[in-house]
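# Working through the structure, step by step
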Amino acid sequence: MPDDTTGSNAGSSNASTSNEGDEYQSVDFIRSRVEEDIAAGTYGGRVQTRFPPEPNGFLHIGHAKSIFLNFGIAEEYDGSCFLRFDDTNPETEDISYVAAIEEDLEWLGVTPSGPARFASDYFEQIYEWAESLIERGLAYVDDQDAETISTQRGGFGQPGIESPNRDQPAEEALGLFRQMRDGAFEDGARVLRARIDMQSDNMWLRDPVLYRIRRVPHHRTDDRWVIYPTYDWAHGQSDAIEGTTHSLCTLEFVDHRALYDWCLDHLDLPGDKPNQNEFARLNITHTVLSKRVLRSLVEGGHVDGWDDARMPTIRGMRRRGYPATAIRGFVDRIGVAKTNSTVEVELLESFVRTELNSSSLRRMGVLKPLKLVITNWPEGEVVMVDAINNPENPDAGTRQVPFSGELWIEQDDFMLDPPKKYFRLTPGREVRLRAGFFVTATEAITDDDGNVIEVRCTYDPETRGGQAPDGRKVKATMHWVSASHAVDADVHLYDRLFSDSHPGADGEDPLTSVNPDSRETVSAKLEPALADVEPGQVVQFERLGYFAADLDDAGTFHRTVGLRDEWANIQKRKK
RNA sequence: UCGGAGGUGGUGUAAUUGGUAACACAGCUGGUUCUGGUCCAGUCGUUGGGGGUUCAAGUCCUCCCCUCCGAGCCA
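Just so you know, these numbers come straight off a predicted model, no measurement behind them. (Residues numbered from 1 in each chain as written. Chains lettered and ligands numbered in written order. Predicted model: local features only at pLDDT ≥ 70, side-chain atom pairs only at ≥ 80, totals over all residues. Heavy atoms only, no water.)

The local shell around RNA strand B holds 73 residues, among which Phe-156, Arg-362, Arg-424, Arg-432 and Gly-465 are the closest. Atoms of RNA strand B within 4 Å of the protein belong to the sugar or the phosphate in 61% of instances, the rest to bases. One of the side-chain N or O atoms of Arg-333 is found 2.6 Å from a base oxygen in RNA strand B. In this structure, a base nitrogen belonging to RNA strand B sits 2.6 Å away from a side-chain N or O atom of Gln-540. For the surface near RNA strand B, the leading source of residues is helix H13 (residues 566-574), giving five residues. Grouping the constituent residues of the surface near RNA strand B by class yields 23 nonpolar, 24 polar and 26 charged. (Near = heavy atom within 4 Å. Polar contact = N/O pair within 3.5 Å; in protein donor to acceptor, adjacent residues only side chain to side chain. Helix = DSSP H or I, 4+ residues; strand = E, 2+ residues; numbered from the N terminus. Nonpolar A, V, L, I, M, F, W, Y, C, P; charged D, E, K, R; others polar.)

The following block contains the structure:
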């Protein structure tokens with residue numbers, strides 16, 4: 001289904017509900033809003049969106065939802081989408097994140113319309129607008145401290161208290177504001193506040209702070225400014241300056257919309273007034289998408305870094321081997337709505353599997369090796385057998401794999417006392433070694449504790465290539481690697497980073513449900529062809545899953561995702 | 001306590017605007033198969049609750065319940 005990678009249909013997950021020939025297409029509430037605006041000629045039919053990250057961290061899959069929404073809408077409606085860095089708080093931001101975010105965007109396959117924009121590019125204009133507000137008695141300079149202002153704001157259902165500075169004459173306010181800009185006051189000594197309504201039910205309308213004093217060098221404007229606009233005083237203006245028509249953000253900003261509108265309604269805008277629409281942010285089971293918690297995972301050493309393969313960051317998923325197209329397919333599939341919801345990780349993984357199933361080469365690798373000795377194999381002989389590279393794609397061709405009398409097989413593929421429905425190797429049973437021969441187990445050698453350390457078998461020379469001339473069948477086909485030709489590699493196997501499906505949902509610290517066994521590293525034996533994979537390339541280890549060669553060290557693999565595993569389900573059910 | 005946004009299968013999203021509740025994932029049955037993969041077929045819901053309008057309600061009215069967000073000089 002999600003195999004349309006041509007981009008022609010990009011972004012529209014739209015389940016067509018058309019009954020014969022009917023062209024009806026269902027669209028989400030945001031797209032219908034866009035379509036209404038186009039139909040009504042609200043912006044002269046123009047559509048412009050933007051993706052506005054703050055450069056203070058790495059992008060994660062929650063951002064991907066917003067990215068594909070914004071860029072997708074621009075594509076679908078022949079509009080444009082800007083990348084704008086919302087850099088109004090120099091305390092937390094850093095230039096390095098700017099580059100990282102642009103890289104991640106590129107990897108995701110979206111292209112902003114033109115160069116990146118920065119809210120800081122608009123500081124002068126935004127400042128002038130503040131003065132215009134003051135001149136009209138719509139803003140004032142407050143010298144009360146943060147705690148006092150907060151207390152005066154009152155509470156839900158409680159009245160607010162007006163600041164003694166609220167009725168400050170415009171000339172005085174203007175003078176003070178200019179002094180703020182000129183650095184006459186200490187950090188935190190004064191703020192500029194909008195004069196709106198201290199009794200509003202909406203807390204964001206109780207005279208919100210527009211400017212604060214911060215003597216922190218900014219990554220772009222350096223020390224040119226000591227006052228910085230807040231999000232609310234910069235965001236809508238930036239949208240307006242750029243010509244944004246639809247400003248999409250997440251649900252926690254619904255209460256800000258009144259303020260967004262208030263600001264824009266009181267300014268002399270260069271063009272049409274953009275409108276803000278909110279959608280639910282993404283949640284995924286067994287996953288956390290809060291920047292704060294992600295940071296504590298990194299800082300607490302629970303993972304190796306922001307790009308650890310277990311992280312839900314774009315970089316992490318990239319290292320893990322998730323194709324960007326799978327991420328987009330997932331995002332398109334989950335849709336966009338106003339309901340707070342939590343998507344199952346399994347859905348994401350299914351998109352990863354579907355994509356990788358058609359694109360990845362098949363290889364053999366043994367994760368937990370057990371020696372298999374073929375007792376009737378001609379001493380020292382090696383034959384090259386032909387193996388299919390990708391049954392989903394005949395054009396991928398075949399490869400030669402060396403087969404010999406001493407092989408590695410998977411420990412799970414042999415059992416002395418097998419349970420019912422176990423189809424694999426067991427004493428006396430014949431199985432197929434993929435692309436090789438039929439073998440029959442004759443003897444198991446155990447150590448003093450009774451663990452099987454080697455299996456002996458005989459092979460049928462007539463079955464070369466995996467077919468018996470007499471047509472007899474086997475119940476299992478197993479992967480293998482010739483011992484003397486095996487390539488050694490470290491392979492990371494991953495389990496959920498959080499054991500709890502909804503980490504932190506019970507009010508607990510999400511870190512308490514971090515899975516201590518989220519990564520298991522094994523020394524695997526791989527077929528020779530696996531020495532040649534490119535960094536970042538994902539291949540299927542047959543019967544085991546998809547594995548990505550590490551970006552920095554191609555001799556290390558990450559299990560991207562396992563294959564669907566019927567046998568595992570059968571065992572799970574028994575427990 | 002006040003304001004706002006929401007509630008459709010195990011999960012997410014739909015339902016041509018009042019007309020047979022659909023698609024995908026997960027699960028389960030069975031079939032196919034040189035991957036217990038892929039693929040194919042089948043199966044899984046009285047739309048948060050009550051009442052009302054109507055030939056007909058997930059969609060309209062009404063009362064109730066539940067969940068989430070909001071009192072940063074963060075975004």
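Let us look at the nonpolar core. Ranked by size, the top nonpolar core spans 38 residues in total, and within it Ile-61, Ile-67, Phe-68, Leu-105, Ile-327 and Phe-330 carry the most contacts. Take this core: its biggest share by element is six residues, from helix H2 (residues 61-76). Aside from chain neighbours lying at most four places away, what touches Ile-61 is Leu-282, Ile-284, Leu-289, Pro-312, Ile-314, Met-317, Ile-327, Phe-330 and Leu-348. Formed by 37 residues, the second largest nonpolar core is a distinct cluster that contains Ala-139, Met-180, Leu-205 and Ala-240. (Core = buried A, V, L, I, M, F, W, Y, C linked by side-chain atoms within 4.5 Å. Buried < 20%, exposed > 50% of the residue type's maximum accessible area, 1.4 Å probe, protein only. Contact = heavy atoms within 4.5 Å.)

Here the focus is the sheet that holds strand S12 (residues 369-374). The seven strands lie next to each other as S19-S16-S17-S18-S12-S15-S20, forming an open sheet whose pairing is mixed. Two strands bound the open sheet, and with one partner strand each, they are strand S19 (477-478) and strand S20 (481-482). Of the strand pairs in this sheet, strand S16 (residues 430-433) and strand S17 (residues 438-446) are connected by three bridges, and their pairing is antiparallel. When the bridges of S17 are listed, Glu-430 appears paired with Thr-440. (Pairing = 2+ DSSP bridges.)

We now examine H2. The first and last C-alpha atoms of H2 sit 22 Å apart over 16 residues, in line with the 22 Å expected at 1.5 Å per residue. Among the 16 residues of H2, 14 are classified as buried, and the element is accordingly described as predominantly covered. Just downstream of H2, Asp-78 is the residue with a positive phi angle, here 60°. (Expected span 1.5 Å × (residues − 1).)

Counting across every chain of the model gives 18 aromatic pairs. Relative to Phe-253, the ring of Tyr-231 has its centre 5.0 Å away and its plane inclined at 35°; by these criteria the two rings are tilted. One end of the pair, Tyr-231, is in helix H7 (residues 231-242); the other, Phe-253, is in the loop between strand S8 (246-250) and helix H8 (257-265), with 22 residues separating them in the sequence. Between Phe-541 and Phe-547, the aromatic rings sit 4.0 Å apart at their centres with planes inclined by 15°, giving stacked as the arrangement. Accessibility expressed as a relative area gives 0% for Phe-547, which makes it buried. Linked through ring pairs, Phe-123, Tyr-127, Phe-177, Tyr-211, Trp-225 and Tyr-228 together constitute an aromatic cluster. (Phe/Tyr/Trp six-rings, centres within 6.5 Å; stacked < 30°, edge-to-face > 60°.)

On the surface, Lys-420, Lys-421, Arg-573 and Lys-574 cluster together to form a positively charged patch. Residue placement: Lys-420 occurs in the loop between strand S15 (406-410) and S16. In this structure Lys-420 comes out as exposed when scored by relative accessible area, which is 71%. (Patch = residues over 30% accessible without salt bridge, like charges linked within 9 Å, V, L, I, M, F, W, Y side chains within 5 Å. Areas by Shrake-Rupley, 256 points an atom, 1.4 Å probe, with all protein chains shown as cover. Salt bridge = Lys/Arg side-chain N within 4 Å of Asp/Glu carboxyl O. Lys, Arg positive; Asp, Glu negative; His and termini not counted. Charge placed at Lys NZ, Arg CZ, Asp CG, Glu CD.)

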